[in-house]
Amino acid sequence: MTAFSLARRPKELVFRAARLAERRFLAADYVRVRLEGEALRGFDSPGADDHIRVFFPGADAAALSVDELRAAPSREYTPLAWDAAAGTLDLEFLVHGDEGIAGRWAVDAAIGDSVGVGGPRGSLVIEGEPEGWLLAGDETALPAIRRHIGGMPRGARGLVVIEASGAGTEYELETPEGVRIEWLRRDATAPAAALAARLGALTGDERPAGDVFAFVAAEQAIVKPGRELLARWGLDAERAVIKGYWRRGDAGYHAPH
Ligand SMILES: Cc1cc2nc3c(=O)[nH]c(=O)nc-3n(C[C@H](O)[C@H](O)[C@H](O)COP(=O)(O)OP(=O)(O)OC[C@H]3O[C@@H](n4cnc5c(N)ncnc54)[C@H](O)[C@@H]3O)c2cc1C
């Protein structure tokens, strides 16, 4: 008998126009953004690691056809929080230097600038209650980790390991008392290396007891050590999420879902 299962819930794909309403830097390279727009009314995202596709048309997304919007450059982001009645959606962006489109947009866009939002196209929802949690990732996974933590019961037990460029406190992450957080400093020349080393060093004694849900997402190199940890801890790979959220040197990396 297992304590939880993962259920796939498909969703009709909807495209919405939105505008930049607010921006707040949590760290020099990490920014929380609020989007707003009539079309965001009714937005929903049932799964903690859901993703949307943010389109950057460089023009008013509301004036474009769906085909025109879909032709614009786009990147994947995690819906952090939303108000379906007011029509707002909050996202968090890691800003990785001067490269790319999405991270730069989060810093450089003017209030009122337009984007398109596609999805989520489907959700993976935890049904039941895991007896233990392992959440691991870099800042790109922080919004999904925040949502998983937000769904934990007060008595939850587990471990959260995050590789980041900062020390940790700036990201304003709080967990229930039984869930320990470890912050690891990223080696900028070797993303995911610190996280991979920590996952590789996790002992059986550190395994949360019982039926554990594991979520691991960071640079693509994390997939192998993530899977190895599942095997070592005897966790069911079918009831875990191990994903590359970006790939070094690969602009617009399209993660397999
Ligand atoms: C399911 C899913 C959910 C995601 N959710 C989020 C989220 O909520 N917040 C978030 O910040 N990211 C998230 N990401 C990751 C984000 O989609 C990628 O980092 C994306 O490549 C960023 O786009 P860009 O236009 O800034 O850079 P790109 O144009 O894609 O890449 C330009 C260059 O920057 C490098 N690069 C890309 N991402 C990073 C990075 N994180 N660190 C260092 N170098 C990088 C690339 O390798 C490439 O060399 C998610 C990814 C997936 C698959």
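What counts and what doesn't
- Residues numbered from 1 in each chain as written.
- Predicted model: local features only at pLDDT ≥ 70, side-chain atom pairs only at ≥ 80, totals over all residues.
- Heavy atoms only, no water.
- Near = heavy atom within 4 Å.
- Polar contact = N/O pair within 3.5 Å; in protein donor to acceptor, adjacent residues only side chain to side chain.
- Areas by Shrake-Rupley, 256 points an atom, 1.4 Å probe, with all protein chains shown as cover.
- Helix = DSSP H or I, 4+ residues; strand = E, 2+ residues; numbered from the N terminus.
- Buried < 20%, exposed > 50% of the residue type's maximum accessible area, 1.4 Å probe, protein only.

Undergrad: Which residues make up the site of the ligand, and what values do they have?
TA: Not every one of the 25 residues close to the ligand is listed here, only the nearest: Glu-76, His-96, Ile-101, Arg-247 and Gly-252. One nitrogen or oxygen atom from the side chain of Glu-99 is found 3.5 Å from an oxygen atom belonging to the ligand. When isolated, the ligand has an accessible area of 920 Å², and the protein chains bury 93% of it. Of all the secondary structure elements, the ones that give two or more residues to the shell around the ligand are β5 (74–77), β7 (88–94), α2 (102–108) and β14 (241–246).

Undergrad: Quick rundown of unusual backbone geometry? Include the residues and the values.
TA: With an omega dihedral of 5 degrees, the bond running from Gly-119 to Pro-120 counts as a cis peptide bond. Relative to the helices and strands, Pro-120 is located in the loop between β8 (114–118) and β9 (122–128). The residue Glu-172 is not glycine, and still its phi comes out positive at about 55 degrees. Within the secondary structure layout, Glu-172 lies in the loop between β11 (158–164) and β12 (179–185). Classification of Glu-172 as partly exposed rests on a relative accessible area of 45%. At Ala-192, a position not held by glycine, the phi torsion is positive, near 80 degrees. Here Ala-192 is to be found in the loop between β12 and α4 (193–201). Ala-192 gets classed as buried once you look at its relative accessible area, which sits at 5%.

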